[in-house]
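The chain contents come next:
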Amino acid sequence: MTVMLTDSNNASYAHDPLFPWLLFDEIGGDSRSIKKALDNKAFGGDLNNLLLDCIRTFKHNTQYRNDPRFLKIWLLYLEGSDDTEFVFKEMEENKICSDHSLLYELYAGLLEAKENWQQAQMIYQKGILRKAKPLERLKGAHALFLDRMSHRVNGCSLQKIDGDESIGLVKNRVHPWSGSTMEELLKKINPQIMRYDGYHQRNKAYSGKVDLSSLGNASRNKIVKIGGKEYQIKGCAGEGGFAKVFRASVNSNPDDIVALKIQKPAFPWEFYMYRQLDQRISTKQRSSFGVVHGMDVYSDYSILVCDYLCHGTLHDVINSYVIVGKSMEEVLCIYYTTEMLYMLETLHDVGIIHGDFKPDNLLVRYSRDDLSEDGFEDRTGSWGNQGLCLVDWGKGIDLHLFPDDIEFVGDCRTSGFRCIQMQENKPWRFQVDTYGLCAIVHLMLHNSYMEIEKKATSDGGYIYLPKKPFKRYWNVDLWRELFSQLLNNSPHNDKKLLQNLRERFQDYFCSNRQMFKKLKDLLAKQRLSMCSS
């Protein structure tokens, strides 16, 4: 790792005494330009002495305590030092850029280059705990580091670092979404996925007349040919970093509408997750998790054909309240919370984690029949087709592919939905979903993203709770139990916890017949509003 210095033409010698050390200049008859030494490749004793002189001259000068240029001088000296730990300790004692993420990022990079992975991990953790700024950049660098370390460990026996110590990326911990992990998993499932109904491996680039990369909001009525069928684009339903989702009619039939998810590069993992749902979820529950008809995998693209639901997302519903300056009625919040608890209870019980549980991925479903009290508790009759549908399984995790004691590391990098374990750089499992549920409930109740705080308990411990207080006219005990239980749950199987919470919400709802009537009216009003918008 070589740290380069940047020129600053506007600096003034009088107000910036460090400046002459950075550019070519004569000080007291001696050439003391660090830049000149670097340009002349004068590494070794002369450069180190020059760096040390500069550090001794300015290390007690508060003007440079948070100056990135001075930090880079320290890091240059650190790179050539035989005792990096001592130099870093001296930097901390002098508080050199201790609140700047660059310190931890560059020092950890130097340690990684020297294959001191354990120490590099500790430096990243130290910077994150100190909330060095910009924190998101540091967390991003740390996530990439974990990805690289995962690549070293995956498929190998326990990686030992510095003797008997491991980096924390031990055999039972893995980053589930790293490139190396996904590569290993796709190799593992390839023989299985090739046998699944609807999966077509083309082994060539997509050669249709329509350039798939050109498809967008203005692509209405273009024809995409896939496997003997023609899909006429009717509009763009969504777009992400690597994929676009289009509403399309099949073979010009206006009554046969599907969703086409076109992704580059090809990504068959989502199709695999849908087929696992087919195998593990009962017929009664299956409509809550999206249905896929098939996938064509080309060398450059994959095209997933799914059911299309036309009523928007839970995020759209929440926004419909935001734009009129209101919050969702509590009875509706209770209903959707019960639905989400039921979803996660079902998924986690069969060894599946969604991994991206947010309102954008929850489609709203409406029953074709009138809603009645009959069937509400057990989701039968008209309630079987009413509720939510969880889609977008690109970050889905199949626990059956991992050891029973597996724990996950890494960050979903979705602002507002990063579980506490991700925020504190700790291992996680089901919390990625349950935290997402809490974040969604907070949005429904408050129209704002959830912020959490650590509160002391009477037994000397602590508990995580949302910062924003509950309104007095809500069922405060119900909501407090939900957040306190889910924000502080263990990484192990949470089926019993989710079931108990769901039953609490259901019992409360069913104890008051007026709530059912109000819910029925609100859902009818919501359907009319969302379908006409």
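So, here is what we can say about the structure in this document. (Residues numbered from 1 in each chain as written. Predicted model: local features only at pLDDT ≥ 70, side-chain atom pairs only at ≥ 80, totals over all residues. Heavy atoms only, no water.)

On to the overall build of the chain, then. If you tally the helices and strands in the chain, you get 18 helices and 17 strands. Burial status across the chain gives 52% buried among its 533 residues. Working note: accessible area of the chain is about 25700 Å², and carbon and sulfur atoms make up 47% of it. (Helix = DSSP H or I, 4+ residues; strand = E, 2+ residues; numbered from the N terminus. Buried < 20%, exposed > 50% of the residue type's maximum accessible area, 1.4 Å probe, protein only. Areas by Shrake-Rupley, 256 points an atom, 1.4 Å probe, with all protein chains shown as cover.)

This part is about the packing of aromatic side chains. This model, assessed by the stated rule, comprises 19 aromatic pairs. Between tyrosine 124 and phenylalanine 145, the aromatic rings sit 5.1 Å apart at their centres with planes inclined by 40°, giving tilted as the arrangement. Residue tyrosine 124 is found in helix α7 (residues 117-129), and its partner phenylalanine 145 is found in helix α8 (residues 135-153); the two are separated by 21 residues along the sequence. The positively charged end of lysine 395 is found above the aromatic ring belonging to tryptophan 177, 5.2 Å away from the centroid. Seen from the ring of tyrosine 462, lysine 454 lies directly overhead, with NZ or CZ sitting 4.3 Å from the centre. (Phe/Tyr/Trp six-rings, centres within 6.5 Å; stacked < 30°, edge-to-face > 60°. Lys NZ or Arg CZ within 6 Å of the ring centre and 35° of its normal.)

What follows concerns a negative patch on the surface. Residues Glu377, Asp378, Glu503 and Asp507 make up a contiguous surface patch of negative charge. Turning to its location among the elements, glutamate 503 is positioned in helix α17 (residues 495-510). By relative accessible area, which is 31% here, glutamate 503 ends up partly exposed. (Patch = residues over 30% accessible without salt bridge, like charges linked within 9 Å, V, L, I, M, F, W, Y side chains within 5 Å. Salt bridge = Lys/Arg side-chain N within 4 Å of Asp/Glu carboxyl O. Lys, Arg positive; Asp, Glu negative; His and termini not counted. Charge placed at Lys NZ, Arg CZ, Asp CG, Glu CD.)

Locating glycine 140 in the fold gives a position in helix α8. In the structure, glycine 140 is positioned 35 residues away from glutamate 105 in sequence and 10.0 Å away in space, judged by C-alpha atoms.

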